[in-house]
Structures are given as C-alpha cells and as structure tokens.
Amino acid sequence: MPFCDIIGHDLPIRSLKAALGQGRLAHAYLFHGEPHIGKFFTATRLAQALNCDHPSSLEQFDGCGLCRSCLQVASRTYPDYVVIESDQESAVPQIKIDQIREIEQQLIYRPLIGERKICLIDDADRLTIGAANALLKTLEEPPGYGLFILISSRPQALPITIRSRCQALRFTPPTHAQAERTLIAQRNISQAEARFLTLYSDRRIGEALTLDIETLHAQQRECLDLVAPSTLQSITTVLTVAEQLAKSGRSAEVLGWLSHWIRDLMVVIVGGDLDYLLHLDQLDQLHRYAKRADSDILLELLNEIERTEQQATRHLNMHMALETILLRLRDGLGVTRTEVTT
Ligand SMILES: [Zn+2]
C-alpha cells in the first residue's frame, strides 16, 4: 500500500517527500507520537518508496505496494531492510545490545539491491543503556547508505544524545471522521460500529482495525452492570463483585471500561461535547448520576484506576485494589447519600 493509503499524517509525510525530492533525506529519523496511530506503517511505506521496482516520479515519490521489493519490505524479507523490536514476551520488554551489534554488522556492507540500508527500530525507548550507547556510536558516524528510523511513543524516555542525532517527526492521531471513514472502508462495518471503535481506541487506528467488536460489547455490558445503582447500592454486592472480578482475570479490561465511563460522566457533568461520548446510549443514566456525583472524587478515582492498571502486572493485590476502587466509585457517584433509580 502506498503513502496515499496512510490515514492522516500529512505533515510528516510532506516533510519526508520534500526531503526525498531534494535528495536530502536525513540519515536518522525519530517518528514519535501516540501508540498505534501509524508511525510503523508510515516507516514501512517509506522503505517501500525507497526500494520500489516501479518508482513513481520524484514529486510523487511513492512505492507501489505490489512489486516484489514492496512485498519483501512488508514481509521483512528485503535484504536491505532490518526491523528491530523489543522482546514482547518478557515482563519488561527491552532492546538489547546484541540486537544493535547485529545492525552494526550488517551496516559494514553496502546495500545488496537498493541505495540504502534501512534500519527500523520500533519502541526505541526500550533500548537498554548498553544498547543505546552502542546505537549512539553508529548514529555518530553512520555510513552514507544507512537510514535509521526510530519509532517511539515515549520519546522523552530516549537519551537526549540519541534524540539529538535524529530528525524528529511528530505524528498525531487522525481526526474522528478520518478514523471512522477508514474503519468503514477497511472493516466493512456500520457507521455506528466505526464510531464506537474510534471512540474506544481514542483514534488509535492501528488498534481499532484489529479490535473484536463483540468482545468489546461484552466488556462494556459488564462495566455497565458494575455502575448500575442495583449493584452499587449494596456494599455486600460491591464486595462480591470485586472478588469475582479479581478471580476472573478480566479486571484490566473492566477497569479500562470503567475509566471510559467515568470520563463520559465527567463530560456530562461539565457540559462538554456529547458527540464524543462512548456511552451515548446511556445518556439518561449519566445525566441522573451527574446531578449527584462528586467530580473531585471521580477525578481522583481516574488516577487511582490508572495507577492500578500500571501496577497490574506486578504483585498487586487486585482484589483489594478493586474493593477500594468500587467503594470509592460508590462515594463519587453519591450512591451512599441518595438513591439513584434506573
Ligand atoms: Zn513497489
């Protein structure tokens, strides 16, 4: 798929095309911005554009996406294209020094087919200190045919010495309309489903393209049961639900949904734009809660949920954390003070 299939990212792409057109491509780029919005996708397209068997005019500089070279880049089998990733299987994914040494070895030799050896480092902020130092040496004296593309959603976590050696290109999420149009076209789904996925993923199109809608709806129903007055009115029920959830292994998903629901409620409380409510069909209930809710407690609760999500992989007592969150939710929604009927 050529550049023209990328959703949004007009500015970084224009900048890359201008550099290509003028023959002034930097030797190292840092593509940064939120996760799952198309940084990796764009980097792959750039590698295709540089190696396509049927190159377009310099101005239109683009890859066809269909030729042997473009397909090999997409499947990561193109000889002059290397992708380095962190080990996602480990508890703390890292990019190790051995992986950088491997690139160094490959960079000794000139490209086999194309004009450049392209090295894409995904989640570059996961470089160990040793790996970052090794990479820095290469970035300081790169061979003329080397092109590095570092990708990161946490660029501030990269050593400044590395950042200063890269030309930074910032990627921003597509608009809601762009994301919805893409989802309708690529997933063949309804406007309502596209809206749902766009809001749930917060326009992270890479994520929205792969999410299972039925699973999400099931999680959403579970969250709505949780915030129903019939659940929250009884402390015994709240504690039982916390226990069941902790045992279920689905706490993270439900907490994610709870976070979305609370944010929707905050939008209603402050009189924000209802177009962006994920739970738009629950508007009546949100309005009822909005009248009695304590927004300070709810904001604190959002932070608490975020902290719990971050610590969920460590030795956190999830049962206790859920109890605290649900009891706090009860306070924040004013269920203890006034009955809210459905
Ligand atoms: Zn091609």
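Remember, predicted model here, so these are calculated numbers, not experimental data.

The rules behind these values
- Residues numbered from 1 in each chain as written.
- Predicted model: local features only at pLDDT ≥ 70, side-chain atom pairs only at ≥ 80, totals over all residues.
- Helix = DSSP H or I, 4+ residues; strand = E, 2+ residues; numbered from the N terminus.
- Buried ≥ 20, exposed ≤ 12 C-beta atoms within 10 Å, placed from the backbone.
- Pairing = 2+ DSSP bridges.
- Axes fitted to C-alpha atoms, helices over the stretch in contact; angles between N-to-C directions.
- Contact = placed C-beta atoms within 7 Å.
- Domains from an automatic or database assignment.
- Core = buried A, V, L, I, M, F, W, Y, C linked by C-beta atoms within 7 Å.
- Right-handed = clockwise from strand over helix to strand, strands pointing away.
- Parallel < 35°, antiparallel > 145°, perpendicular 65-115°, else oblique.
- Left-handed = near helix turned anticlockwise from the far one by under 90°.
- Nonpolar A, V, L, I, M, F, W, Y, C, P; charged D, E, K, R; others polar.
- Expected span 1.5 Å × (residues − 1).
- Arc of directions from axis to C-beta.
- pLDDT = per-residue confidence, 0-100.

Asker: How do you make sense of the overall build of the protein when you look at a structure like this?
Answerer: Per the secondary structure count, the protein includes 16 helices and five strands. Split into buried and exposed, the 342 residues of the protein put 35% on the buried side.

Asker: Would you take a moment to explain the sheet that holds strand β4 (residues 146–152) for this structure?
Answerer: Through backbone hydrogen bonds, the strands of a sheet pair up, either in parallel or in antiparallel fashion. Spatial strand order, β2-β3-β4-β1-β5: five strands in an open sheet with parallel pairing. Each edge of the sheet is formed by a strand with only one pairing partner; in this case those strands are β2 (81–84) and β5 (167–170). In this sheet, adjacent strand axes meet at a mean angle of 20° when their direction is disregarded. Two elements, β2 and strand β3 (residues 117–121), share four bridges in a ladder whose sense is parallel. Each residue of the ladder has a partner; that of V82, found in β3, is C119. Contacting β1 (28–32), β2, β3 and β4, helix α2 (residues 39–51) crosses the sheet at an angle of about 165° to β4. Packed onto the sheet, helix α4 (residues 97–107) meets β2, β3 and β4 and runs at close to 170° relative to β2.

Asker: Hey, could you run me through the domain arrangement of the protein in this one?
Answerer: You'll often see interface size given as the accessible area lost when the parts meet. Splitting the protein by domain gives domain 1 (3–170), domain 2 (174–211) and domain 3 (212–332). Here the C-alpha centre of domain 3 lies 39 Å away from the C-alpha centre of domain 1.

Asker: Can you help me understand the environment of D212 in this one?
Answerer: Within the fold, D212 resides in the loop between α9 (205–208) and α10 (213–227). With 47 residues separating them along the chain, D212 and R165 place their C-alpha atoms 40 Å apart.

Asker: How should the nonpolar core be read in this particular structure?
Answerer: One recurring pattern in soluble globular proteins: nonpolar side chains tend to sit buried together. By size, the foremost hydrophobic cluster in this structure holds 50 residues, and its most contacted members are Y29, F31, I121, I149, L150 and I151. For this core, the two domains that each supply at least three residues are domain 1 (3–170) and domain 2 (174–211). Residues V241, V268, L286 and L322 belong to the second largest nonpolar core, which totals 26 residues.

Asker: Even after reading the chapter, I still don't get the pairing of β4, so can you show me in this structure?
Answerer: The side chains of a regular strand alternate, first on one face of the sheet and then on the other. Here β4 lies mainly inside the structure; six of its seven residues are buried. Relative to β4, β3 runs parallel, the two sharing five bridges. The residue of β4 that forms the bridge with I121 is L150. At this point the chain moves from β3, through helix α5 (residues 129–140), to the parallel β4, and the crossover so formed is right-handed.

Asker: I keep staring at unusual backbone geometry and nothing clicks. Help me out?
Answerer: The general pattern is negative phi for most residues beyond glycine and trans for most peptide bonds. Phi at H36 is positive, roughly 60°, even though this residue is not glycine. Structurally, H36 is set in the loop between β1 and α2. The buried category is assigned to H36, around which 20 C-beta atoms lie within 10 Å. Positive phi is not limited to glycine here, since D202 has a value of about 55°.

Asker: Could you clarify how one ought to interpret the packing of helix α13 (residues 251–269) against helix α14 (residues 283–292) in this entry?
Answerer: A pair of packed helices is captured by two measures, namely the crossing angle of their axes and the spacing between those axes. Across the interface, α13 lies against α14 with an axial gap of 9 Å and an inter-helix angle of 70°. It follows from the interaxial angle that α13 and α14 lie roughly perpendicular. Both α13 and α14 take part in a crossing whose hand is right-handed. Touching D264, L265, V268 and I269 of α13 are L286, H287, Y289 and A290, all from α14. For the contact of α13 with α14, the per-class residue count stands at six nonpolar, one polar and one charged.

Asker: Explanation requested: helix α7 (residues 176–187) in the structure shown.
Answerer: Since one α-helical turn is 3.6 residues long, residues separated by three or four positions face the same way. Between the first and last C-alpha of α7 there are 16 Å, a value that for twelve residues agrees with the 16 Å anticipated at 1.5 Å per step. Of the positions making up α7, those classed as buried are A179, E180, T182 and L183. Viewed along the axis of α7, the buried residues span an arc of 165°, placing them on a single side of the element. Facing away from the buried side of α7 by over 90 degrees, the exposed positions are A177 and A185. Immediately downstream of α7, the backbone of N188 shows phi near 55°, a positive value.

Asker: Would you explain the confidence of the model for the protein in this entry?
Answerer: As a general rule, the predicted coordinates of low-pLDDT regions are not to be interpreted in detail. Averaged over the protein, the pLDDT score is 89; the fraction of residues at 70 or greater is 94%. pLDDT under 50 marks residues 338–342. Its contacts with residues more than four places away, or in other chains, come to eleven contacts.

Asker: Please clarify how helix α12 (residues 235–248) should be interpreted in this entry.
Answerer: Over its 14 residues, α12 runs 20 Å from end to end, which matches the ideal 20 Å to within 8%, given 1.5 Å per residue. Listed in full, the buried residues belonging to α12 are V238, V241, A242 and L245. Taken around the axis of α12, the buried residues stretch over an arc of 105°, which confines them to a single face. Turned more than 90 degrees away from the buried face of α12, the exposed residues are T236, T240, Q244 and K247. On its buried face, α12 sits against α10, α11 (229–232), α13 and α16 (318–332). Count one or two residues on from α12 and you reach G249, which has phi positive near 80°.

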